[in-house]
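Topology and contacts: notes
Take a look at the letters that make up each chain.
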Amino acid sequence: MRNLESKIILLFFVLVQSSCYYKPFIKYTFNKEGFKKFSKKEKLAGNNENPHRAYQVNKYDWVVEIFPDKERIAGTMSISFTPTIRQDTFLFDLQKRMKIKSCSTTGDFDLKRKGDFLYLNFEEKQTARKRITLTIQYEGKPVKLTGEGPIQWKKDDKGRHWISSITEGVGPHFMMPCNILLGNEADTTVISVTVPSNLTVTANGQLIGVVEAENKKTFKHLVTNPINIYNISFNAGHFVQLNKPYTDVNGIERNIECFAMDYRKEVADDYYNQAPIIMKEFEQLFGVFPWWNDGCRFVESTFAAMEHQSCIAMGDEYYKDWKDTINTTLVHELAHEWWGNSVTGKDYCDIWIHEGMATYSEALFLEKFLGKEDYTERMRKMVFSAYNTIPIHKICGVAYNSWTNGPDQDIYDKGALMMHSLRVLVNDDALFLQALKQIQVDFAVQNISSEEMVIKLNKSLLDDYSPMLNWYLDEAKPPQLEVRIDKKKGKLHYRWAREIPLMMRQELVVLRNKEEIRINPTSEFQTIDLVSGEKLRFLIERGIYYQLNVLDVIK
Ligand SMILES: [Zn+2]
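Notes on the structure follow. (Residues numbered from 1 in each chain as written. Predicted model: local features only at pLDDT ≥ 70, side-chain atom pairs only at ≥ 80, totals over all residues. Heavy atoms only, no water.)

Quick word on the coordination of the zinc ion
Protein coordination of the zinc ion is provided by His332 (NE2), His336 (NE2) and Glu355 (OE), with donor distances spanning 2.0 to 2.1 Å. Between consecutive donor residues of the zinc ion, the sequence gaps follow H-x3-H-x18-E. (Donors = N, O, S within 2.8 Å, 3.2 Å for Na, K, Ca; no water.)

Structure representation (structure tokens):
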């Protein structure tokens with residue numbers, strides 16, 4: 001009976017999700033083994049080598065009106081782009097439910113739709129390096145993806161409209177025409193959002209104008225830096241603006257803006273006192289905040305949190321999860337401004353650079369602000385949350401931009417554990433931290449591959465750590481410490497399951513009752529004598545990251 005019930009519930013859930021129309025999302029949710037097979041469509045969409053993607057986006061000019069009562073949008077997107085090779089066909093993305101009303105560009109052309117793809121075909125080949133502007137007028141009701149996005153239409157505690165967009169893991173093409181590839185960032189982005197006049201809009205970049213007409217208001221924002229396509233976003237609601245003055249690492253007076261719901265002004269005001277503290281530590285660790293010219297803003301959003309560049313979305317739960325002192329999500333999202341937004345992966349397969357580094361930054365912040373014990377405690381939490389079933393360096397060149405299933409979350413904690421392991425091996429904190437800062441200088445506002453990141457780390461750290469980094473990046477499992485426990489004879493035998501690179505042959509710390517002992521495993525079994533009732537705890541967080549694999553216990 002119970003089984004039948006669960007099957008019916010599952011079937012209902014699948015049908016509900018099917019009605020949401022987005023099959024990859026279902027695949028991502030239910031496939032626990034990873035994403036070994038990709039459809040033709042996913043390969044086409046994410047292929048960096050596709051010649052029809054051989055152009056650089058220069059500017060997005062997005063003008064959109066939102067209709068909260070109908071949950072619809074209508075807009076115009078102008079995409080300025082420059083071909084990098086001489087050709088006549090260019091590929092863009094727009095989810096198929098969005099209806100195109102008109103389209104214009106220079107010269108004779110036609111625009112063909114094939115599923116979620118837009119093919120712009122010119123009669124004549126277009127010259128390389130000569131800029132083209134494509135303008136598409138469109139409208140529609142964005143597909144609702146089980147509450148994830150691309151636009152969440154919600155009501156605030158007073159029953160008023162509250163709307164946030166979020167497209168990471170969903171696809172920005174669900175709400176606007178664009179190029180979804182991570183490596184193709186526009187230099188300039190204009191976001192112009194029209195809403196009913198009782199709502200306030202905030203978006204990425206600086207607010208450069210508000211125009212009011214016929215019970216409507218238009219808020220225009222300008223982003224003057226390259227921005228990841230999935231960071232382009234807006235929020236509409238009944239916000240109040242709070243300001244947190246801040247002096248940056250160069251001694252320049254700045255302002256951190258915080259947009260909160262009007263009825264949560266006091267709690268938000270207290271909560272955001274953390275923001276200048278976190279900013280100060282990160283500027284010391286990674287260098288000056290990359291987007292002061294676009295501003296630094298936090299906004300209360302309908303979902304938990306998202307690193308939308310220069311307009312970070314934070315949820316409505318104003319609490320401090322780390323010892324009632326700090327909110328680690330706020331720390332994480334701000335860290336993304338350096339890791340993910342300034343230094344960006346070249347392909348979605350490199351997304352650990354965003355999430356692993358932002359997660360590791362949480363530990364680095366806690367260490368600087370509260371001390372080494374808090375760093376170690378944060379790392380220990382990660383040790384026990386990694387799945388280790390899929391490599392964190394993903395398959396490249398596919399439209400893989402969702403990480404909603406559990407095992408795929410290793411890009412966060414395992415990415416951080418890799419950096420922690422690297423620090424252990426380097427054994428020189430000053431050198432290690434300087435290397436992170438240098439990456440922020442050398443790769444500022446750039447897209448880099450995992451390989452480039454490894455090469456840069458090796459160069460900065462004056463040694464070749466590739467065998468270790470590649471193990472954590474490309475293998476599903478970290479080093480395995482095999483253990484055999486013989487309770488009868490009071491022995492614990494341990495060894496590495498396979499030979500590990502020489503540099504990783506480190507002492508491991510084990511807590512024996514309250515005393516720390518050190519072991520130096522090899523691929524041969526070694527033994528620890530156990531006294532009856534004695535407790536052993538492997539302090540994995542104190543050394544390189546590994547997993548314990550208990551082969552057997554003889555009682
Ligand atoms: Zn993140």
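Quick look at the sheet that holds strand S12 (residues 206-213)
Read across the open sheet, the 7 strands follow the order S4-S7-S2-S1-S10-S13-S12; overall the sheet is mixed. Among the strands making up the open sheet, the edge pair consists of strand S4 (99-104) and S12. Strand-to-strand twist of the sheet, defined as the mean angle between neighbouring strand axes without regard to direction, takes the value 15 degrees. Pairing between strand S1 (residues 55-67) and strand S10 (residues 188-196): 7 bridges, direction parallel. If you follow Lys59 over to S10, its bridge partner there is Thr188. (Pairing = 2+ DSSP bridges. Helix = DSSP H or I, 4+ residues; strand = E, 2+ residues; numbered from the N terminus. Axes fitted to C-alpha atoms, helices over the stretch in contact; angles between N-to-C directions.)

Details of the packing of helix H5 (residues 274-286) against helix H7 (residues 352-369)
For the pair H5 and H7, the least separation of the axes is 10 Å and the interaxial angle reads 105 degrees. If you check the angle between H5 and H7, you find them roughly perpendicular. Residues Ile277, Ile278, Glu281, Phe282, Gln284, Leu285 and Phe286 of H5 form the contact with H7, whose own contacting residues are Ser361, Leu364, Phe365, Lys368 and Phe369. Looking at the contact of H5 with H7 residue by residue, the classes come out as 8 nonpolar, 2 polar and 2 charged. (Parallel < 35°, antiparallel > 145°, perpendicular 65-115°, else oblique. Contact = heavy atoms within 4.5 Å. Nonpolar A, V, L, I, M, F, W, Y, C, P; charged D, E, K, R; others polar.)

Things to note about the state of the cysteines
A covalent bond between the sulfur atoms of two cysteines is referred to as a disulfide. The tally for this structure, following the rule as stated, stands at 1 disulfide. A sulfur-sulfur distance of 2.1 Å marks the disulfide that ties Cys349 to Cys396. Here Cys349 and Cys396 share a disulfide; its torsion about the S-S bond, 80 degrees, makes the bridge right-handed. Of this pair, Cys349 sits in the loop between strand S20 (343-345) and H7 while Cys396 sits in the loop between helix H8 (372-383) and helix H9 (410-426), and the two are 47 residues apart along the sequence. Residue class for Cys349 comes out buried when judged on its relative accessible area of 1%. Using a relative accessible area of 42% as the deciding quantity, one classes Cys396 as partly exposed. Cysteine Cys178 remains unbridged, with the sulfur of Cys103 as its closest cysteine sulfur at 15 Å. Judged by relative accessible area, which is 0%, Cys178 ranks as buried. Lacking any disulfide linkage, Cys311 is separated from the closest cysteine sulfur, that of Cys296, by 9.5 Å. (Disulfide = S-S within 2.5 Å. Buried < 20%, exposed > 50% of the residue type's maximum accessible area, 1.4 Å probe, protein only.)

A few points about the environment of Asp428
Tracing the backbone through its elements, the reader meets Asp428 in the loop between H9 and helix H10 (429-442). On the basis of relative accessibility, which here comes to 34%, the residue Asp428 falls in the partly exposed class.

Some details on unusual backbone geometry
A positive phi angle is found at Arg129, which is not glycine, with a value near 70 degrees. In this structure, Arg129 sits in the loop between strand S6 (117-126) and strand S7 (132-140). For Arg129, a relative accessible area of 71% translates into the label exposed. Here the phi dihedral of Asn215 falls at roughly 60 degrees; this positive angle occurs in a residue that is not glycine.

Quick notes on the nonpolar core
The nonpolar side chains of a soluble globular protein tend to be buried, and buried together. In this structure, Trp62, Phe234, Tyr272, Phe282, Phe298, Leu334 and Leu422 are the most contacted members of the largest nonpolar core, which totals 145 residues. The residues touching Phe234, leaving out its near neighbours within four places in the chain, are Trp62, Ile66, Ile151, Ile163, Ser164, Ser165, Met175, Val193, Val201, Thr202 and Ala203. In terms of nonpolar packing, the next biggest core, distinct from the first, is built from 6 residues, Phe239, Phe259, Met261 and Cys311 among them. (Core = buried A, V, L, I, M, F, W, Y, C linked by side-chain atoms within 4.5 Å.)

Some remarks on the pairing of strand S9 (residues 161-165)
Among the 5 residues in S9, 4 count as buried, and that is most of the element. Relative to S9, strand S8 (residues 151-155) is paired through 5 bridges, and the arrangement is antiparallel. Residue pairing across strands places Trp153 opposite Ile163, the latter belonging to S9. Joining the antiparallel neighbours S8 and S9 is a turn of 5 residues, in which Gly159 adopts a positive phi near 75 degrees. The pairing of S9 with strand S14 (residues 234-237) spans 2 bridges and is classified as antiparallel. By the bridge assignment, Ile163 is partnered in S14 with Ala236.

A closer look at the sheet that holds strand S3 (residues 87-93)
Ordered by their spatial adjacency, 3 strands build an open sheet running S3-S6-S5, and the pairing between neighbours is antiparallel. Two strands bound the open sheet, and with one partner strand each, they are S3 and strand S5 (109-114). Taken pair by pair, the neighbouring strands of this sheet meet at an average axis angle of 20 degrees, ignoring direction. Two elements, S5 and S6, share 6 bridges in a ladder whose sense is antiparallel. Following the sheet pairing, Arg113 is matched in S6 by Leu118.

Looking at the packing of H7 against H9
For the pair H7 and H9, the least separation of the axes is 7 Å and the interaxial angle reads 60 degrees. Taken together, the axes of H7 and H9 are oblique relative to one another. Every pair of crossing elements has a handedness; the one defined by H7 and H9 is right-handed. Across the interface between the two elements, Trp352, Glu355, Gly356, Met357, Thr359, Tyr360, Leu364 and Glu367 from H7 touch Ile411, Tyr412, Asp413, Gly415, Ala416, Met418, Met419, His420 and Arg423 from H9. (Left-handed = near helix turned anticlockwise from the far one by under 90°.)

As for the packing of aromatic side chains
The description of an aromatic ring pair rests on the distance of the ring centres and on the angle between the ring planes. Per the counting criterion, the structure on display carries 25 aromatic pairs. Seen in terms of ring centroids, Tyr55 and Phe92 are 4.9 Å apart; in terms of plane orientation they differ by 35 degrees. Their pairing is tilted. Of the two residues, Tyr55 sits in strand S1 while Phe92 sits in strand S3, which places them 37 residues apart along the sequence. Of the two residues, Tyr55 and Phe92, neither departs from the other in class, the shared state being buried. Where Phe289 meets Trp338, the ring centres are 5.7 Å apart and the plane angle is 75 degrees; that geometry is what we call edge-to-face. In this pair, Phe289 sits in the loop between H5 and strand S17 (296-300) while Trp338 sits in the loop between helix H6 (328-335) and S20, placing the two residues 49 residues apart along the sequence. There is no split in this pair, since Phe289 and Trp338 are both buried. (Phe/Tyr/Trp six-rings, centres within 6.5 Å; stacked < 30°, edge-to-face > 60°.)

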